[in-house]
Amino acid sequence: MSSRPLALVTGASRGIGAATARALAPTHDLLLGGRDAVALEKLAVDLPGATPWPVDLTDDGSVTAAVTALDLPRLDVLVHSAGVALLGRVEDTSPETWRRQFEINVVAVAGLTRLLLPALRAARGTVVLVNSGAGHTARPGWASYAASKFALRAFADALRGEEPDLRVASVHPGRVDTEMQRSVVEQEGGRYEADRYLRADSVAAAIVSAATASAEAHVSEIVIRPR
C-alpha cells in the first residue's frame, strides 16, 4: 500500500470535483467517485495513484457495498463535490424536485460520510463539503436548491461538533465556470459569460488548502467569490 495520504473525491468526473482531484494528485492517492465510469477512467489515466470509484450515491445499497469493498483502514481526505442545482419558484417546484435536490445534495453526503467515519477517524482526517453562496443566502427562484445547501451547512456544523478528531470544512464558492453553471444560467434564461465566473481550479485550490492545512489548524469555512 502506498505511503501517501488517501483522498476520496465525489463528483470527480467533471467541474470542481475533477479540478480538485488534479490538484490533490501530486500529494495524494485518489479514489475518484462519480456515476460516469468512462469519464472517471479517463481522468485516472492522467493521474498516477488514482483509482476510479463509480457508484450512484443515491443508491444506498450500492454505496454500502462499494464502501465495504474498499475495506479502507484509513481515509485522510473526503471531498463531497457531487451535487445538483435545480431552480424554480416555490409555486412551480414539485415535491419530486425538492426530494431529488435533498437526496443528492444532503442525504447522499450524510450517508457516505457515515459509512466512512471509521476510516476518517483512524486518520484524524478532513471532510470538505462543497457548498455554495446559496448556502448563506436564499434568493427568489432558488428555494429548493438554497434549502438543500443550508441543510448541508447544518450537517457540516453538526459533524464538526460530533467528531472533534476530524476537521470539517464548508467551502462556499460563488458562480463557477462549469457545466452545472451553464445549466443554471439556462434555467435562469440568462446569457453565459464564462469570464465573469470563478475557474474550477481556483475553487479546487481553496479546497486543497483546507484539506492540507497544518496539523494544528482547522479551516471550518471558506467563502470564495469572483472578483
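What comes next concerns the included structure. (Residues numbered from 1 in each chain as written. Predicted model: local features only at pLDDT ≥ 70, side-chain atom pairs only at ≥ 80, totals over all residues. Heavy atoms only, no water.)

## Observations regarding the pairing of strand β2 (residues 29-34)
- With respect to burial, β2 is a largely interior element, six of its six residues being buried.
- Side-chain alternation along β2 places Asp-29, Leu-31 and Gly-33 on one buried face and Leu-30, Leu-32 and Gly-34 on a second face that is also buried.
- Running through helix α1 (residues 15-24), the crossover from strand β1 (residues 6-9) to the neighbouring parallel element β2 is right-handed.
- Pairing of β2 with strand β3 (residues 50-54) involves five bridges; the strand directions are parallel. In the strand pairing of β3, Leu-31 is matched with Thr-51.
- Note that the unit made of β2, helix α2 (residues 37-46) and β3 has a crossover that is right-handed. (Buried < 20%, exposed > 50% of the residue type's maximum accessible area, 1.4 Å probe, protein only. Helix = DSSP H or I, 4+ residues; strand = E, 2+ residues; numbered from the N terminus. Right-handed = clockwise from strand over helix to strand, strands pointing away. Pairing = 2+ DSSP bridges.)

## So, the sheet that holds β3
- Spatially, β3-β2-β1-β4-β5-β6-β7 is the arrangement adopted by the seven strands of the open sheet, whose pairing is parallel. Among the strands making up the open sheet, the edge pair consists of β3 and β7 (221-224). In this sheet, adjacent strand axes meet at a mean angle of 15° when their direction is disregarded.
- Strand direction decides the pairing type here: strand β4 (residues 77-80) and strand β5 (residues 126-130), joined by four bridges, are parallel. Residue pairing across strands places His-80 opposite Leu-129, the latter belonging to β5.
- Strands β1, β3, β4 and β5 of the sheet are contacted by helix α4 (residues 95-123), whose axis makes an angle of about 175° with β4.
- Set on the sheet, helix α5 (residues 143-162) makes contact with β5, β6 (167-173) and β7; between it and β6 the angle comes to about 160°. (Axes fitted to C-alpha atoms, helices over the stretch in contact; angles between N-to-C directions. Contact = heavy atoms within 4.5 Å.)

## Here we look at α1
- Counting buried positions over the 10 residues of α1 gives seven, a clear majority of the element.
- Here α1 has its buried residues at Ile-16, Gly-17, Ala-18, Ala-19, Thr-20, Ala-21 and Leu-24.
- Against β1, β2, α2, β4, β5 and α7 (200-211) lie the buried residues of α1.

## Observations regarding the packing of aromatic side chains
- For the structure on display, the rule yields two aromatic pairs.
- Between Trp-98 and Phe-102, the aromatic rings sit 6.4 Å apart at their centres with planes inclined by 20°, giving stacked as the arrangement. Of this pair, Trp-98 and Phe-102 both sit in helix α4, four residues apart, roughly one helical turn.
- Look at Trp-98 and you get partly exposed, because its relative accessible area is 29%. (Phe/Tyr/Trp six-rings, centres within 6.5 Å; stacked < 30°, edge-to-face > 60°.)

## Side note on the packing of α4 against α5
- In contact at an axis separation of 8 Å, α4 and α5 are set at 15° when each is read in the N-to-C sense. Relative to α5, the element α4 is oriented roughly parallel. The element α4 and its partner α5 pack so that their crossing is right-handed. Between α4 and α5, the contacting residues are Thr-97, Trp-98, Gln-101, Phe-102, Asn-105, Val-106, Val-109, Ala-110, Thr-113 and Leu-117 on the first element and Ala-143, Ser-144, Tyr-145, Ala-147, Ser-148, Lys-149, Ala-151, Leu-152, Phe-155 and Leu-159 on the second.
- Here the contact of α4 with α5 is composed, by residue class, of 13 nonpolar, six polar and one charged. (Parallel < 35°, antiparallel > 145°, perpendicular 65-115°, else oblique. Left-handed = near helix turned anticlockwise from the far one by under 90°. Nonpolar A, V, L, I, M, F, W, Y, C, P; charged D, E, K, R; others polar.)

Any functional reading would require information that these geometric values do not contain.
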